[in-house]
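Examining the three-dimensional arrangement
If you want the building blocks of each chain, they are given just below.
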Amino acid sequence: MKKDKTNAHLRNIAIIAHVDHGKTTLVDALFKQSGLFRENQETQDRLMDRMDLERERGITIAAKNCSIKWSDVKINILDTPGHADFGGEVERALSMVDGAILLVDASEGPLPQTRFVLGKALAAGLKIIVVVNKIDRPDARCEEVLSEVYDLLIDLDADEEQLEFPLFYANGREGIAGTSPTEPMENLHCLLDAIVQEIPGPRYDEGEPFQMMVSDLSYSDYLGRLAVGKVVNGSVKARDSLICMGPDDKQTSLNVSKIQVYQGPMLVDAEEVEPGEIVVLAGIDDVFIGDTICHKSQPKALKRLTVDEPTVSMRFTPNSGPFQGQEGKLVQSSKIRERLEKETMLNVSVKVEEAPNGDGFIVKGRGEFQMVILIETMRREGFELCVGRPQVIFHKKDGKTLEPIEHLYVDCEEEYTGIVTEKLSKRKGRMLAFVNHENGRARLEFSVPSRALIGYRDEFLTDTRGTGILNSLISGYEDYRGDFAERHTGSLVGDRTGEAVPYALYNLEPRGIMFITPGEKVYEGMIVGEHNRENDLDVNPCKTKKLSNVRASGKDDAVVLTPVLPMTLERAIQFIREDEMVEVTPHNIRLRKRTLAASDRKVENKRIKS
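As the structure is a computational prediction, the values presented were derived from the model and not from experiment.

Across its full length, the protein carries 15 helices and 37 strands. Taking all 610 residues of the protein together, 53% fall into the buried category. Pairs at least 24 apart in sequence give 73% of the contacts found in the protein among residues at least 6 apart. Counting every atom, the protein has about 28,700 Å² of accessible surface; 47% of that belongs to carbon and sulfur.

What follows is the structure, encoded as C-alpha cells:
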C-alpha cells in the first residue's frame, strides 16, 4: 500500500563518509550551532565517539543516533561507520533514514568505503546532500573532487533526481559551510536549512497499525535490553500492549517498561511517539534485529532487515597455553560462547558456529578489521582466549569454487608503484587502472582475492616506507584464482618455559626479527620471532652466558639489542600461519604454535608430508 502521509516535523538523516573525513567533528559543530548546549557549557570533542576504541583509533565503529532541533523541526542524525567491515552497522542505520549527507575530503575525494555506504544509500532511494569538507587543506582540489563525486554517483546508477544534489563546501573543524569554496562563511546554518528543505520527512500510511522495525539493540544496567528502531506506521504510547513478530511471524508478548527518544546525544522519556520517529523501547528481553514490534490487537509484520553475507571466518578457542588463567578473569569456554552469542544479537553481520571438532567456535564476519575490534573489546572486558588465522569463506556453485574478490585502491608515491604491482600480481591481483596525479603520487586499482590482503597490509607499508594508502571493498564472488605463497618466512619458536635473557636474544638476532624483550615470560611452542628463512626453527631464548673464572678483554661488553616493535593485534593476526594462533589476554598478545610440544609438531609434520 502506498504511503500517502508525511511527518513534516521530523527529518531522519545519515552521515556518510570515509574514515577520517571529519563526519564526527561536523556532528559536534551541528550540536553546538543548533542550540543544544549553552554558550559557556563545556563539551568534549568527538561527542559521538563513545567507545574507548573509537576515541583511541579516531574512527567510528558503531552506528549511533542523536538529534538536534532546527526551525521547529527535529532532525535525527545517524553517525554511520566509514569502514566496510562494519557494513552491518551501515545497513541497520540506513533502514531508519530518508536522506543522507555525503561528506567528502577536499583533497582525498570519495574513497572506497564511501562507495560502499553510498551504494547502499542510493539503492534505498535516499535523497543525497553533498558536503566537500576540509576546504582549508593546502592540497584541497575542490573542482576535481566534485567531478569524482559525479563519476561515483553515475557509476553507482544514481537516478536524475539523486544527481541534482544540493552542494556545500565546509570546514567542519571551524563549524562553517557555504555554497562556494571562495565565499565568506560564518556558520553551518545554510546546511541545516538545506536538511530541513531538501530531505523529505518520513512517509507513513495513515491506515496501517503501529509498526516498528528493530534496527539496533543496546543494553542498560538499569533498564535491561533496549530495542532501537523507526516507527514505520502508526503511533505508540507508554504502557500499550505490544508484541514482537520474529522470523516466520512468530509472536512474543512484550512488557515495555519505558519509551524513549533522542534529544541531542541523550535519551529522554516520551509518553507518545509519532510515525517516523526513532524510538528506544526499554525492558524487552526476547527481541532481535529485524523483528517487527506492533500492537497486540493488530499484528502485522514488516519485511525483515537483511544484510550482506560474511566473507571472513576465524576460530576462537579458550586459552590452552601454560599461562592460562593468570591474566584474565573470563577464561571458560562457556563464557566465551555467551559473549559471542551476545555479539550476534547486537551485530547482524556476525555469525557464530560451533567448530566441527568441538574445539572452540567459528566466528564469521565482514573482514579481519571487524574481528580485530571484537577481539580487542573482549580482552578489555577481561577475556583470555586464542584466535586462529582469518580464513575467507568460499562458495560452491555448479561444482566450481568461488571466492570473495575485492576492489583495491592504492595511493602511493610513484617510485613504489613497481614493487606494489609486483607483490599484488604474485597474489593473483589484476590491475584495473593506473592514474598518475603528476604530483609525485599515483593511484592504482586492482581486482584481488580477499585472501591476498590478509597479511599484506604491513608488507605494503614497509614497501612504501609508510607513505602508501590502501583501501578496499568487496566487489563480489569469482572463480578461485589459484594458490600462492602467503608468507615467505618461518617462525622462531621457543623450546622451553622461562624468562627471555638479553644474551640469548642478542645471539638470536642474526636469525631473524625478534618479537620479545628481555624479561618476558616464554614457553615451549611460543613464537619469539620471525625466521629469515622459510622453515621454522626451535630456539632457546632463555640461554644464559656460561661463566668462568678466566677473564679476557672484550668478553664482558654490554649487550645492545635492536629495539622491538610492540606486537599489535592486527600485526599478530596478519603474521600467523595455519598452524599458529594468537594468545590474547588483558595484558599481553603472544604468538604460539597450535601444537606446543616440539615432538608433537614433528609427528604432525611427518603425517602431513606422508
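Anyway, onward from the coordinates.
Right, let's talk about the environment of Ser-334 for a bit. One can find Ser-334 in helix H8 (residues 333–346). The class for Ser-334 is partly exposed, based on a relative accessible area of 44%. When the C-alpha positions of Ser-334 and Pro-318 are compared, they lie 9.3 Å apart, and in sequence the two are 16 residues distant.

The next subject is the nonpolar core. Ranked by internal contacts, the top residues of the largest apolar core, which has 41 residues, are Leu-102, Leu-118, Ile-128, Val-149 and Leu-153. Looking at this core, the elements with two or more residues in it are strand S2 (10–17), helix H3 (87–94), strand S5 (99–105), helix H4 (112–123), strand S6 (127–133), helix H5 (142–155), strand S11 (224–233) and strand S18 (278–282). Sorting elements by how many residues they give to this core places H5 first, with six residues. Apart from the residues lying within four places of it in its own chain, the contact partners of Leu-102 are Ile-16, Thr-114, Leu-118, Ile-128, Ile-129, Val-130, Val-131 and Val-149.

Here we come to the pattern of salt bridges. In this structure the tally under the stated criterion is 30 salt bridges. Close ionic contact of Glu-327 with Arg-590 constitutes a salt bridge, the shortest N to O distance being 2.8 Å. A residue pair is termed long-range when its members are at least 10 positions apart, and Glu-327 in the loop between strand S20 (312–318) and H8 and Arg-590 in strand S37 (residues 589–593) qualify at 263 residues. Judged by relative accessible area, which is 7%, Arg-590 ranks as buried. The residue Glu-353 makes a salt bridge to Lys-364 at a minimum N-O spacing of 3.0 Å. In this pair, Glu-353 is assigned in strand S21 (residues 351–354) and Lys-364 in strand S22 (residues 361–365), connecting sequence segments 11 residues apart. Judged by its relative accessible area of 38%, Glu-353 falls in the partly exposed class. Each of Asp-536, Arg-577, Asp-579, Glu-580 and Lys-593 takes part in a single network of salt bridges with overlapping partners.

Take the packing of aromatic side chains next. Inspection of every chain in the model, using the stated rule, returns five aromatic pairs. A centroid spacing of 5.7 Å and a plane angle of 75° characterise the contact between Phe-394 and Tyr-480, whose relative ring orientation is edge-to-face. Of this pair, Phe-394 sits in the loop between strand S24 (391–392) and strand S25 (395–397) while Tyr-480 is found in the loop between strand S29 (469–479) and strand S30 (491–494), placing the two residues 86 residues apart along the sequence. Of the residues examined, Phe-394 reaches a relative accessible area of 39% and is grouped as partly exposed. For Tyr-480, a relative accessible area of 34% gives the class partly exposed. Positioned over the ring face of Phe-323 is Lys-521, at 4.9 Å from the centre of the ring.

With respect to the element layout, Ala-452 can be found in helix H11 (residues 450–453). Setting aside chain neighbours within four positions, we find Ala-452 in contact with Arg-427 and Phe-484.

Further remarks concern the side chain of Thr-489. Mapped onto the fold, Thr-489 is located in the loop between S29 and S30. Here the side chain of Thr-489 touches Glu-530 through a polar contact of 2.6 Å, side chain to side chain. Aside from chain neighbours lying at most four places away, what touches Thr-489 is Glu-530, His-531, Asn-532, Arg-533, Glu-534 and Arg-577.

Contact geometry of helix H10 (residues 417–426) with helix H12 (residues 456–463) gives a least axis separation of 10 Å together with a crossing angle of 155°. The pairing of H10 with H12 is recorded here as roughly antiparallel in orientation. You can see that H10 and H12 cross each other, and the crossing is right-handed. Mapping the contact onto sequence places Ile-419, Val-420, Lys-423 and Leu-424 in H10 and Tyr-456, Glu-459, Phe-460 and Asp-463 in H12.

Another aspect to go through is the confidence of the model for the protein. Summary statistics for the protein give a mean pLDDT of 80 and a share of 87% for residues scoring 70 or more. For residues 37–51, every residue scores under 50 in pLDDT, and the model assigns this stretch 39 contacts once sequence neighbours within four places are set aside.

So, about H12. All of the buried residues in H12 are Tyr-456, Phe-460 and Asp-463. Taken down its axis, H12 places every buried residue within 65° of arc, on the same side. The inward-facing, buried residues of H12 contact strand S26 (400–413), H10, H11 and S29. Trailing H12 by a residue or two, Arg-465 shows a phi angle of about 55°, which is positive.

Burial of S5 is extensive: seven of the seven residues sit out of reach of the surface. Here S5 shows no split at all, with Gly-99, Ile-101, Leu-103 and Asp-105 on one side and Ala-100, Leu-102 and Val-104 on the other all buried. By the bridge criterion, five bridges tie S2 to S5 in an arrangement that is parallel. Following the sheet pairing, Ala-17 is matched in S5 by Leu-103. With seven bridges joining them, S5 and S6 adopt parallel strand pairing. Residue pairing in the sheet places Val-104 in a bridge with Val-132 of S6.

The rules we used
- Residues numbered from 1 in each chain as written.
- Predicted model: local features only at pLDDT ≥ 70, side-chain atom pairs only at ≥ 80, totals over all residues.
- Heavy atoms only, no water.
- Helix = DSSP H or I, 4+ residues; strand = E, 2+ residues; numbered from the N terminus.
- Buried < 20%, exposed > 50% of the residue type's maximum accessible area, 1.4 Å probe, protein only.
- Contact = heavy atoms within 4.5 Å.
- Areas by Shrake-Rupley, 256 points an atom, 1.4 Å probe, with all protein chains shown as cover.
- Core = buried A, V, L, I, M, F, W, Y, C linked by side-chain atoms within 4.5 Å.
- Salt bridge = Lys/Arg side-chain N within 4 Å of Asp/Glu carboxyl O.
- Phe/Tyr/Trp six-rings, centres within 6.5 Å; stacked < 30°, edge-to-face > 60°.
- Lys NZ or Arg CZ within 6 Å of the ring centre and 35° of its normal.
- Polar contact = N/O pair within 3.5 Å; in protein donor to acceptor, adjacent residues only side chain to side chain.
- Axes fitted to C-alpha atoms, helices over the stretch in contact; angles between N-to-C directions.
- Parallel < 35°, antiparallel > 145°, perpendicular 65-115°, else oblique.
- Left-handed = near helix turned anticlockwise from the far one by under 90°.
- pLDDT = per-residue confidence, 0-100.
- Arc of directions from axis to C-beta.
- Pairing = 2+ DSSP bridges.

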